[in-house]
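Each chain, written out:
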Amino acid sequence: MRFRHAVAVAATTVVSAGAAALAAGRYGSRFALNPGVAGPPPGGAVTVHSVTPHEVVLTRTTESGRPGVYGLSGPGVHATVGRVLRSDGRSVTRELLGTGKGTVDAGAFVRLTPQAYAGDPRSACGLEFHDVEVEGELGPMPAWYVPGARSIWVIAVHGVGATREQALAVLPALHRFRLPVLVPTYRNDAGAPASPDRIGHLGATEWRDLDAAMRHAVAHGATALVLYGWSTGATMALRALRRSPSADKVAGLVLDSPVLDWRATVTAAVRARGLPAAVTPLAVRAAQGRTGAQGPRSAEETAETEAGGPVGLDVPTLIVHGPDDTFAPWSASRALAARYPGKASLHTVPGAAHTAMWNADPAAYEETLRRFLTPLM
């Protein structure tokens, strides 16, 4: 009886440990998969010291002192800040370029974010647009359509933890190039249908919603397409290039901060939340189990393989990425560009966080974009 009891206790302990490991893995994986919390964690909150119509004074931190154009986000407020005007040991004064939501008040706690603008193309950028619906396999998905004179359309796809507002920063430039732009939502976005499991799949299922947007564009007059994706939106673009029946319409890709190595991205998402190191491999396994993800383990394999098959970059591709992205390894982008020197070019942006390539230097980013798109137009 004692032996049987000992065996039972041991078995219960093993089962309990296994259940705890499973729970820890699922909890860790949520920071890469659950739409509400996925993606890089926001920067630390800073205090607004004072505000004038054209300036805002913030507590000085690494984030608040970054050069470039960023969003300033807090409860009920979103503003856009530009260049640093003054800085001392305690505070930093930045241009206040506009407020898209609420008001920025002294004493408020805010965070800097790569999402520079909030609202829609009209309220944020002064661009006329149409609300349209893209019919996907799970149901209709809201999208913005910004008209342009050309017949080559850009489809701009946001990334993990973001919304379609991510595209607002580049819409004025694309409009200057006279390009029509379709900015779709996809499964699990606000207003779009939820997936059966209500989690993100790092592009593995979401690409089918991009495929639906491609079909919509072609049905409404697009003779060619440029797929423009940030983060997992870039992953979706690569998958669509391989799998979409409309892939023959794709004239080019723009991949901003692409997630090419999902294991590294899940690992980064877990570590950035300060979870114990032991959770990381559990979260990676949980993410794989929950999404059925496969794929490369290294930058070299990433250059050769995406989602279990050849990338096959047979269209001009611009990759915009930088070595300071701690969420999606730059090494994978560098390897991908090296693998396809005749098709892919890498524009390196040092000092920029994940999806903050435009923010770091908008003028340089838009000039790179213009040079890439001009031959396609």
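To be clear, the structure that these remarks concern was listed above.
Residue positions are counted from 1 within each chain, in the order its sequence is given. Side-chain atom pairs in this predicted model are given and counted only at pLDDT of 80 or more, local residue features only at pLDDT of at least 70, and totals for whole chains, interfaces and linings cover all residues. Water and hydrogen atoms play no part in the side-chain values, which are based on all heavy atoms of the structure.

Things to note about the overall build of the chain
Each helix is a run of DSSP H or I of at least 4 residues and each strand a run of E of at least 2, with the numbering of both proceeding from the N terminus. Looking only at helices and strands, the chain has eleven helices and 16 strands in total. With a 1.4 Å probe rolled over the protein chains alone, any residue whose accessible area is under 20% of its type maximum counts as buried; one over 50% counts as exposed, and the rest are partly exposed. Taking all 377 residues of the chain together, the buried fraction comes to 51%. In what follows, a contact means two residues having at least one pair of non-hydrogen atoms within 4.5 Å. Counting contacts in the chain only where the partners sit at least 6 residues apart, residues at least 24 apart contribute 74% of the total. Using the Shrake-Rupley algorithm and a 1.4 Å probe, accessible areas are obtained, with residue cover drawn only from the displayed protein chains. For the chain, the computed accessible surface area is about 16,300 Å², with 55% contributed by carbon and sulfur atoms.

Notes on the sheet that holds strand S12 (residues 250–256)
Strand pairing follows a simple DSSP-based rule, namely that at least 2 bridges must link the two strands. Taking strand neighbours across the sheet as the criterion, the eight strands line up as S7-S8-S10-S9-S11-S12-S15-S16 in an open arrangement whose pairing is mixed. Since the sheet does not close on itself, it has two edges, and those belong to strand S7 (130–136) and strand S16 (344–348), each with one partner. Averaged over all pairs of adjacent strands, the angle between their axes in this sheet comes to 20°, without regard to strand direction. Here strand S15 (residues 317–321) runs beside S16; their pairing, made up of five bridges, is parallel. Throughout, an axis means a line fitted to C-alpha atoms (over the contacting stretch in the case of helices), and angles, computed between N-to-C directions, take values from 0 to 180 degrees.

Some words on the side chain of threonine 355
As for its placement among the helices and strands, threonine 355 is situated in the loop between S16 and helix H10 (357–360). Given a relative accessible area of 13%, threonine 355 falls into the buried group. If we ignore the near neighbours within four places in the chain, the residues touching threonine 355 are Pro114, Gln166, Trp230, Ser231, Asp256 and Ser257.

Focus on the nonpolar core
Only buried Ala, Val, Leu, Ile, Met, Phe, Trp, Tyr and Cys residues count toward a nonpolar core, and they belong to the same one when joined by side-chain atoms within 4.5 Å. Counting residues in each nonpolar core, the largest one holds 37 residues, and the members touching the most others are Ile155, Leu210, Leu227 and Leu253. By size, the runner-up hydrophobic cluster in this structure holds 35 residues, among which are Leu127, Val226, Leu318 and Ala352.

Details of the pattern of salt bridges
Any Lys or Arg side-chain nitrogen located within 4 Å of an Asp or Glu carboxyl oxygen qualifies as a salt bridge. Scanning the model with the defined rule gives ten salt bridges in all. Between arginine 187 and glutamate 137 there is a salt bridge, with the nearest N and O atoms lying 2.7 Å from each other. Separated by 50 residues along the polypeptide, arginine 187 in the loop between strand S10 (181–184) and helix H4 (207–219) and glutamate 137 in the loop between S7 and strand S8 (139–146) bring together distant segments of the chain. Given the relative accessible area of 48%, glutamate 137 is considered partly exposed. Where glutamate 367 meets arginine 370, a salt bridge forms, and the shortest distance between an N and an O atom there is 2.6 Å.

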